[in-house]
Amino acid sequence: MKTALTIAGSDSSGGAGIQADIKTITMNGVFAMSAVTALTAQNTTGVTGILESSPEFLRQQIDAVFEDIFPDAVKIGMVSSSELIHVIAESLTHYHARNIVVDPVMVSTSGSRLIAEDAVKTLAEELLPLSTVATPNIPEAEILSGIEIHNQNDMKEAAAKINAKYGCSVLVKGGHDVNDANDLLCTGHDSFTWFYGNHIDNPNTHGTGCTLSSAIAANLAKGYSLNDSVGRAKEYISGALSAMLNLGKGRGPMNHAFNLTGKFSEHHNGLLERLMDSVKDIWPEYNNHPFVKGIETGTLDPQKFKNYIIQDYLYLNEYSKVFALGVAKAKSLDTMKLFSGVIQAITNVEMNVHNGYMGRFNVSQSELDETQRKLPNLSYTSYMLRIAYEEGEPEVLAAILSCALSYEDIAKQMLRNNPKAVEHELYGNWVKCYSGEEYSKLNRVLLNTLEEAVKDYSEQQLEHIAEIFRVCSLYEMGFWDMANE
């Protein structure tokens, strides 16, 4: 199992600091360890007291971790004094620590100052040069760069200055009325990536900075690239905010455990990891496929896209039937409602996007009715329908999720590579549909339903679930090949 160490302050209310870090790292599938820099007396309304660890005791904590369970990543959060920063920098250098994420915490969400003024300079000069990535918010980026930030161009200038001065990648987080929910990653000279997020109308944002940086560290520990780690972390924090937890009298915490399911609240069968492992040789090829790349860059031949949309429209008709059979196979009323609701989502949302394209391409209903499904389309839908007719609820879900999850993965990867893909005059609506929060939330519900449905499955049965998922993924590749003809 991969491991991550968080070096930060304790939040007695549990929404930020060490507590948020441990929850986040755990929820992202990594073993969490900690070294506490300070105890704080705080809640959602503010900080009433700070009791620092001594430099020597902080050193002992870090030594104890590195000398026994060497961490695959390190996240550094609240460090309130120069003396503690010296200890951290010396220790990380001594142990040749890797995948270091520095969240330069200066002020809490409630407005309380958490670091001495003289320590800001020490943090910048001693910790940032060691880091893989720093994750300042707007006020922190202003302090570190020395410029005021009012818009996207200012974010780019600030990120570039921090990167050039300290040699680390920089993720400048939006918010504070500047480019809300959109973050900018600078990895070098003129190397910028925007990570666009949907604004979630939730005032309870206590600990968002801690959570994002910890999720990045957890994904770096698992071997994801920096870009992918940031993208996955943004997706996680969106889910935690969307859960709309409401605790405390001030700006409350998020629900870090929004995706925690199963007996004893743990993913006992590692189902998602098993499914992803079954397609690790297939899914990366989706994102490199010429047809997918054409949508991402906006260079795809519109005639190819028209042919694809027609075939995909015909596919969705059959795909909906798989859900309809799922209603018949469902073991609970909730699952019946879920499958029925998905059919409504396909017909009223997803197919509306397709209908919009039909109008743009002047494709009539009679033309659609006369069009035959091509062999890859026919083979794919026939396989899913056979699974739906012959097998049970979990197997139906496995067949469904290969398409649903892969489209989400493809669209989100497009946005990571080209944030302006969603703005393209022709292909933007397609990217927006499959990268959207509603589509993602529905996929999480389907996945959670599958995890619950297979909780008592044997190893052999779980392997069969993974095989269905893999076969459908192979059919997906055939569909992309067909679209590119």
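Look a little higher up for the structure.
A.B. asks: Give a detailed account of the sheet that holds strand β9 (residues 191-195), specifying residues and quantitative values.
C.D. replies: The strands making up a sheet associate through backbone hydrogen bonding, with each pair oriented either parallel or antiparallel. Strand order in the open sheet formed by nine strands is β3-β2-β1-β4-β5-β6-β7-β8-β9, with mixed pairing between adjacent strands. Strands at the two margins of the open sheet, each flanked by one partner only, are β3 (46-52) and β9. Across five bridges, the pairing between strand β8 (residues 183-188) and β9 is antiparallel. Looking at β9, one finds that Leu185 is bridged to Thr193.

A.B. asks: Got a sec to walk through the nonpolar core? Specific residues and values, please.
C.D. replies: Grouped together as the largest cluster of nonpolar side chains are 79 residues, with contacts concentrated most on Ile295, Phe305, Tyr308, Tyr319, Phe323, Trp430 and Trp480. For this core, the element with the highest residue contribution is helix α16 (residues 393-417), accounting for 14 residues. Each residue touching Ile295, except ones within four places of it in the same chain, is listed here: Leu300, Phe305, Met414, Tyr427, Trp430 and Val431. Formed by 46 residues, the second largest nonpolar core is a distinct cluster that contains Ile7, Ile88, Ala119 and Leu128.

A.B. asks: Could you give me a rundown of the packing of aromatic side chains, with the residues and numbers involved?
C.D. replies: Scanning the entire structure with this criterion turns up 26 aromatic pairs. Ring centres 5.7 Å apart and planes at 35° place the aromatic pair Phe291 and Trp480 in the tilted group. You can see Phe291 sitting in helix α11 (residues 290-297) and its partner Trp480 sitting in helix α19 (residues 459-483), a full 189 residues away along the chain. Here Phe291 matches Trp480 in class, with each residue buried. With centroids separated by 5.2 Å and ring planes inclined at 40°, the aromatic side chains of Tyr315 and Tyr380 adopt a geometry described as tilted. Placement of the pair is Tyr315 in helix α12 (residues 302-329) and Tyr380 in helix α15 (residues 375-390), with a sequence separation of 65 residues. Lying over the aromatic face of Phe192, Lys156 brings its terminal NZ or CZ to 4.8 Å of the ring centre.

A.B. asks: Quick rundown of unusual backbone geometry? Include the residues and the values.
C.D. replies: Even without a glycine there, the phi angle at Asn99 is positive, about 50°. Positionally, Asn99 belongs in the loop between α3 (82-94) and β5 (100-102). What makes Asn99 partly exposed here is its relative accessible area of 23%. The backbone phi angle of Asp190 is positive, close to 60°, even though this residue is not glycine. Looking at the element boundaries, Asp190 is found in the loop between β8 and β9.

A.B. asks: Describe a negative patch on the surface, naming the residues involved and giving the relevant values.
C.D. replies: A contiguous patch of negative charge on the surface is contributed by Glu52, Glu83, Glu117 and Asp118. Of note, Glu117 is situated in helix α4 (residues 117-127). Take Glu117: its relative accessible area is 64%, and that puts it in the exposed class.

A.B. asks: Can you lay out the packing of α12 against α16 for me, pointing to particular residues and giving the numbers?
C.D. replies: Between two packed helices, the angle of one axis relative to the other and the distance separating the axes together describe the packing. α16 packs onto α12 with a crossing angle of 150° between their chain directions and a minimal axis gap of 10 Å. Comparing the axis directions of α12 and α16 gives the class roughly antiparallel. The crossing of α12 and α16 is left-handed. Across the interface between the two elements, Tyr308, Asp312, Tyr315, Tyr319, Val322, Phe323, Gly326 and Lys329 of α12 pack against Glu393, Val396, Ile400, Cys403, Ala404 and Tyr407 of α16. Grouping the amino acids of the contact of α12 with α16 by side-chain chemistry returns 10 nonpolar, one polar and three charged.

A.B. asks: Give a detailed account of the pattern of salt bridges, specifying residues and quantitative values.
C.D. replies: Applying the stated criterion across every chain, the model contains 22 salt bridges. With a closest N to O distance of 3.3 Å, Glu296 and Lys293 form a salt bridge. Of the two residues, Glu296 and Lys293 both sit in helix α11, three residues apart, roughly one turn of that helix. A salt bridge links Lys412 to Glu408, with the nearest nitrogen and oxygen atoms 2.8 Å apart. On the criterion of helical spacing, the pair formed by Lys412 and Glu408 is a turn pair, its members being four residues apart in helix α16. Here Lys412 and Glu408 have matching classes, each one buried. Ionic contacts of the salt-bridge type, sharing partners, join the residues Glu235, Glu408, Lys412 and Arg444 into one network.

A.B. asks: Provide a residue-level description of the environment of Ala398, including the pertinent values.
C.D. replies: Along the polypeptide, Ala398 turns up in helix α16. The exposure class of Ala398 is buried, given its relative accessible area of 0%. Measuring from C-alpha to C-alpha, the distance between Ala398 and Val79 comes to 46 Å, with 319 residues separating the pair along the chain. Residues within four places of Ala398 in sequence aside, it is in contact with Leu450, Ile465, Ile468 and Phe469.

A.B. asks: Describe α12, naming the residues involved and giving the relevant values.
C.D. replies: In an α-helix, one turn spans 3.6 residues; hence positions three or four apart end up facing the same way. Taking 1.5 Å as the rise per residue, α12 with 28 residues should run 40 Å; its terminal C-alpha atoms sit 40 Å apart, in good agreement. Where α12 starts, the residue carrying a side-chain oxygen 3.0 Å from the main-chain nitrogen of Gln303 turns out to be Asp301.

A.B. asks: Help me get a handle on the environment of Ala466, residues and values and all.
C.D. replies: You can see Ala466 is positioned in helix α19. Taking the relative accessible area as the measure of exposure, Ala466 reaches 5% and is therefore buried. Along the chain, Ala466 and Ala398 lie 68 residues apart, while their C-alpha atoms are 7.5 Å from each other.

What counts as what
Residues numbered from 1 in each chain as written. Predicted model: local features only at pLDDT ≥ 70, side-chain atom pairs only at ≥ 80, totals over all residues. Heavy atoms only, no water. Pairing = 2+ DSSP bridges. Helix = DSSP H or I, 4+ residues; strand = E, 2+ residues; numbered from the N terminus. Core = buried A, V, L, I, M, F, W, Y, C linked by side-chain atoms within 4.5 Å. Buried < 20%, exposed > 50% of the residue type's maximum accessible area, 1.4 Å probe, protein only. Contact = heavy atoms within 4.5 Å. Phe/Tyr/Trp six-rings, centres within 6.5 Å; stacked < 30°, edge-to-face > 60°. Lys NZ or Arg CZ within 6 Å of the ring centre and 35° of its normal. Patch = residues over 30% accessible without salt bridge, like charges linked within 9 Å, V, L, I, M, F, W, Y side chains within 5 Å. Areas by Shrake-Rupley, 256 points an atom, 1.4 Å probe, with all protein chains shown as cover. Salt bridge = Lys/Arg side-chain N within 4 Å of Asp/Glu carboxyl O. Lys, Arg positive; Asp, Glu negative; His and termini not counted. Charge placed at Lys NZ, Arg CZ, Asp CG, Glu CD. Axes fitted to C-alpha atoms, helices over the stretch in contact; angles between N-to-C directions. Parallel < 35°, antiparallel > 145°, perpendicular 65-115°, else oblique. Left-handed = near helix turned anticlockwise from the far one by under 90°. Nonpolar A, V, L, I, M, F, W, Y, C, P; charged D, E, K, R; others polar. Expected span 1.5 Å × (residues − 1). Polar contact = N/O pair within 3.5 Å; in protein donor to acceptor, adjacent residues only side chain to side chain.

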